[in-house]
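Letter by letter, the chains look like this.
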Amino acid sequence: MKTLYVTDLDGTFLTKEERISSYSLEKVNALVDRGMLFTYATARSEWSAEKATQGLKLNIPAVLYNGALIYDRKTDTPLYASFFDDEGARYVLHVLRSFGICPFIYGATQEREHIRWIPERASAGMQRYLSRREGDARLVPVHNDDDLLSGYVFYFKCIGPGEQIGEAWNVLKYDPRFVCIYHQEMYQNDFWMEISTRGANKAKGVQFLKDYLNCDKVVCFGDTSNDSDMFDVCDEKYAVKNADEWLKEKATGVIGYCEEDGVAKWLEANFRPEN
């Protein structure tokens, strides 16, 4: 039986310093060397995920932007992307505007991936987000909505006060065209809302990889709301001890804290090379 192992990053596999511990890096890399098929499914971009997982031996594609993009780091190419149509993208922006929210909008042209935003409308949370991404060539400040929505749009990220973000979420979450995830940032007091098309979620990303890699079974690890749909489609699903209580109820089992290498210790104890 060929098994795929997929972990969430923030709050699950990464420490609060937004990195992999030296222990987890050593143990997981050793298991990859023994043949383990290991990857991650994250809300992060390829740039952000690669920075956080520096040193990890990732030899199969990863699920990014909560499933909006599946990226093969070995070949430096996307395998799958789910874009908004023009009407849908403009509607989402209209709703966000009505609540005073200016989002980051992730998109692409034939030449490059980009993140667009309007600097003069950026929230304090957005400023903190930008301060951690100095040198990211994808960042493109713009000054009007037409430029904000140019190219192929596949992801909206909103960062701000919980009440403001929550009000917009209570409108968009009922629209069947979109997947709308609302949660508090792991390392700050800000709340985030991430919006993608209905064709983009971790569950579909994991299913794509299962078929792409011809696997028989998927085991996953997570901690919060954007892992819920992934738990629904995996054969075994494990919540870290710091996970939301309701997610633990969906899990096959509960493992150690993210700060205590829960994922790596479970893999070390349970992984067996395929015959």
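Let us look at the structure shown here. Computed from a prediction, not measured in an experiment: that's the story for all the values here. (Residues numbered from 1 in each chain as written. Predicted model: local features only at pLDDT ≥ 70, side-chain atom pairs only at ≥ 80, totals over all residues. Heavy atoms only, no water.)

### So, helix α4 (residues 124-131)
Piece 1. All of the buried residues in α4 are G125, M126, Y129 and L130. The buried residues of α4 occupy one face: seen down the axis, they fall within an arc of 140°.
Piece 2. Along its buried surface, α4 packs onto β6 (104-108), β7 (113-117), β8 (139-141), β9 (152-160) and β11 (191-197). (Buried < 20%, exposed > 50% of the residue type's maximum accessible area, 1.4 Å probe, protein only. Helix = DSSP H or I, 4+ residues; strand = E, 2+ residues; numbered from the N terminus. Arc of directions from axis to C-beta. Contact = heavy atoms within 4.5 Å.)

### Focus on the sheet that holds strand β3 (residues 62-64)
Piece 1. Read from one edge of the open sheet, three strands run β3-β4-β5, paired in antiparallel fashion. A single partner strand is all that each edge strand has here, and the edge strands are β3 and β5 (77-81). Mean inter-strand twist for the sheet, computed between neighbouring axes without regard to direction, equals 30°.
Piece 2. Pairing between β3 and strand β4 (residues 69-72): three bridges, direction antiparallel. Each bridged residue has a counterpart across the sheet, and for V63 the counterpart in β4 is I70.
Piece 3. Contacts from helix α7 (residues 202-212) reach β3, β4 and β5, with the element oriented near 40° to β4. (Pairing = 2+ DSSP bridges. Axes fitted to C-alpha atoms, helices over the stretch in contact; angles between N-to-C directions.)

### Side note on the packing of helix α1 (residues 22-33) against helix α10 (residues 262-270)
Piece 1. For the pair α1 and α10, interaxial distance at closest approach is 9 Å and the crossing angle is 35°. Handedness of the crossing formed by α1 with α10: left-handed. For the pair α1 and α10, the contacting residues are Y23, S24, K27, V28 and L31 in the first and A264, K265, L267 and E268 in the second.
Piece 2. Per-class residue counts for the contact of α1 with α10 are five nonpolar, one polar and three charged. (Left-handed = near helix turned anticlockwise from the far one by under 90°. Nonpolar A, V, L, I, M, F, W, Y, C, P; charged D, E, K, R; others polar.)

### With respect to the packing of aromatic side chains
Pairs of aromatic rings are described using the distance from one ring centre to the other and the angle between the two planes.
Piece 1. One pass over the structure, following the stated rule, counts 21 aromatic pairs.
Piece 2. Aromatic pair W169 and Y182: ring centres 5.1 Å apart, planes at 25°, arrangement stacked. Placement of W169 in helix α6 (residues 162-172) and of Y182 in strand β10 (residues 178-184) is noted, with a sequence separation of 13 residues between them.
Piece 3. Its relative accessible area of 23% is what places W169 among the partly exposed residues.
Piece 4. When the centroid spacing of 5.4 Å and the interplanar angle of 20° are considered together, the rings of Y182 and F191 count as stacked.
Piece 5. When its relative accessible area of 23% is taken as the criterion, Y182 is described as partly exposed. (Phe/Tyr/Trp six-rings, centres within 6.5 Å; stacked < 30°, edge-to-face > 60°.)

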